Amino acid sequence: MAGTVTQEPPSADSGRPGRPMIVTEDAELLDDLLRLCAAAGAKPEVHHGPPERGGGWESAPLVLVGDDAAGRVRGAARRRGVVLVGHDQDDPDVWKRAVQIGADHVLMLPDGEQWLVDRIADVVEGVGRPALTVGVIGGRGGSGASTLACALAVTSAREGLRTLLVDADPLGGGIDVLLGGETAEGLRWPAFAASRGRLGSGALEESLPELHSLRILSWDRGDCVAIPPPAVRAVLAAARRRGGTVVVDLPRRLDDEIAEVLTQLDLALLVVPAELRAIAAAGRVAATVGMVVRDLRVAVRGPYAPGLDDREVARLLGLPLAGEVPVEPGLSRPHRKPPGSVARGPLARFCKDFWERTLVEAGGA
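Analysis parameters
Residues numbered from 1 in each chain as written. Predicted model: local features only at pLDDT ≥ 70, side-chain atom pairs only at ≥ 80, totals over all residues. Heavy atoms only, no water. Axes fitted to C-alpha atoms, helices over the stretch in contact; angles between N-to-C directions. Helix = DSSP H or I, 4+ residues; strand = E, 2+ residues; numbered from the N terminus. Parallel < 35°, antiparallel > 145°, perpendicular 65-115°, else oblique. Left-handed = near helix turned anticlockwise from the far one by under 90°. Contact = heavy atoms within 4.5 Å. Buried < 20%, exposed > 50% of the residue type's maximum accessible area, 1.4 Å probe, protein only. Pairing = 2+ DSSP bridges. Right-handed = clockwise from strand over helix to strand, strands pointing away. Expected span 1.5 Å × (residues − 1). Phe/Tyr/Trp six-rings, centres within 6.5 Å; stacked < 30°, edge-to-face > 60°. Core = buried A, V, L, I, M, F, W, Y, C linked by side-chain atoms within 4.5 Å. Polar contact = N/O pair within 3.5 Å; in protein donor to acceptor, adjacent residues only side chain to side chain. Salt bridge = Lys/Arg side-chain N within 4 Å of Asp/Glu carboxyl O.

(A) Up close: the packing of helix α4 (residues 145-158) against helix α10 (residues 346-361). The geometry of α4 relative to α10 is characterised by a closest axis approach of 9 Å and an angle of 70 degrees between their N-to-C directions. Between α4 and α10, the angle falls in the class roughly perpendicular. By crossing handedness, the relation of α4 to α10 is classed as right-handed. Residue-level contacts link T147, L148, A151, L152, T155, S156 and R158 of α4 to L347, A348, F350, C351, K352, F354 and W355 of α10.

Okay, here's the thing in structure tokens:
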């Protein structure tokens, strides 16, 4: 059982990771709390009562007060981030004690274990604003969606943002190839197939290949072509908690795994070549993706068929226009640089403008 006493949420000290504090003399409860801290990757401070002034009570990002210690901490300075924890589900006076010590939450074990692990993990990781997560999908085959996804990620990293590029298409040949990183060391999607619950976002980031100042989650060259939806959910949730940006290269299909990816997106770009057959195909893709993604925009790629321009393509599809994706000379040459890596190139300029506008819309810097 978990309940909220006050509405103002606890926060980590200046956004920095810190050590939670446990206050209890109940040996059984202490064992449980130490076990949950270990599961979240935290090393707590343990006290039998509130420490002396300057001893960490005010600065600890999270304080777990055992129900047995409520009386001993009643006179301590009021602060946010205090959780009253106990075992007795039927104690009618627990809420009164929580109010007396200024607790934000009341938690009873074992029912509230997952909630508490998540909260402790947030403290350890210094969770702040979640990553702006953008999906890129082609209106038809060969529309250039993977090229745009790579360019967006490369540009984001060049602008100094923590960036993860995710390949959500197991049949696409591996987006790491576009970045010249097919042999780079690090984990690929099949390594996370058994993941459940909460993954450490820092550990995820460090385990992935790093190329061009960004991290990449791609597919290996093995036989695995599907990841269970709970694993997809765990991986993308961990990626979002690291902040910055996440760019996802999407396939043109909707199954359980891709539906899970779509639910994690803040917005999606539908890349559409400006010709009638591509627009017809893109309309079907938009109808499918639009059932899940709340913010779907069209990015138009030339050359244009007679009578079409970018605004007309957007009008025909009934979608907001994200802009015209420019042609980048030289992308088809052997040993080319990754898409978007030429900072003054037209594709990089398009991506930089996209990030500037979209981050402002999202309330970012």
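(B) Layout of the pairing of strand β12 (residues 267-273). The buried count for β12 comes to 7 of 7 residues, which makes it a mostly enclosed element. The side-chain alternation of β12 yields two buried faces, one formed by L267, L269, V271 and P273 and the other by A268, L270 and V272. Pairing of strand β7 (residues 132-138) with β12 involves 5 bridges; the strand directions are parallel. Residue G138 lies in a different strand from β12, and its bridge partner there is V271. For β12 and strand β13 (residues 296-301), the ladder comprises 6 bridges, and the chain directions are parallel. By the bridge assignment, P273 is partnered in β13 with R301. Between β12 and its parallel partner β13, the chain crosses via helix α8 (residues 276-289), and the hand of that crossover is right-handed.

(C) Fine view of α4. Taking 1.5 Å of rise per residue, 14 residues should cover 20 Å, and α4 covers 20 Å from first to last C-alpha, within 8% of that figure. Counting buried residues in α4 gives 11 out of 14 residues, a clear majority hidden from the surface. Looking only at α4, the buried set comprises A145, L148, A149, C150, A151, L152, A153, V154, T155, S156 and A157. Directly beyond the C-terminal end of α4, a positive phi value near 90 degrees is found at G160.

(D) Representation of the packing of aromatic side chains in the model. Evaluated as defined, the whole model comprises 2 aromatic pairs. Ring geometry for W189 against W219: centres 6.1 Å apart, planes inclined by 35 degrees, an arrangement best described as tilted. On the criterion of sequence distance, the pair formed by W189 in the loop between β8 (163-167) and α5 (201-207) and W219 in the loop between β10 (214-217) and α6 (229-241) is long-range, its members being 30 residues apart. Relative to W355, the ring of F354 lies with its centre 5.3 Å away and its plane at 65 degrees, an arrangement referred to as edge-to-face. As far as burial versus exposure is concerned, F354 and W355 are alike and both buried.

(E) Spatial organisation of the nonpolar core. Residues L270 and L317 are the most contacted members of the largest nonpolar core, which totals 45 residues. The set of elements that each furnish at least two residues to this core consists of β8, α6, β11 (245-249), α7 (256-263), β12, α8, β13 and α9 (310-317). Counting residues per element, this core draws most heavily on α6, at 7 residues. Residues in contact with L270, not counting those within four places in the same chain, are I137, G138, G139, A282, V285, A286, L296, R297, V298, A299, L317 and L319. Ranked by size, the runner-up nonpolar core spans 33 residues in total, among them A151, V247, L347 and F354.

(F) Spotlight on the side chain of D169. The topology assignment puts D169 in the loop between β8 and α5. Residue class for D169 comes out buried when judged on its relative accessible area of 17%. Among the polar contacts made by the side chain of D169, one reaches the main-chain amide nitrogen of L171 at a distance of 3.1 Å. Once you skip the residues sitting within four places of it in the chain, D169 turns out to touch W219, D249, P251 and R253.

(G) Structural context of the pattern of salt bridges. Taken as a whole, this structure holds 21 salt bridges when the rule is applied. A salt bridge links D68 to R72, with the shortest nitrogen-to-oxygen separation between them at 3.2 Å. Residue classification places D68 among the partly exposed residues on the basis of a relative accessible area of 32%. Across the salt bridge formed by D91 and R97, the nearest N and O atoms sit 2.2 Å from each other.

By themselves, these figures tell us nothing about what the structure is for.
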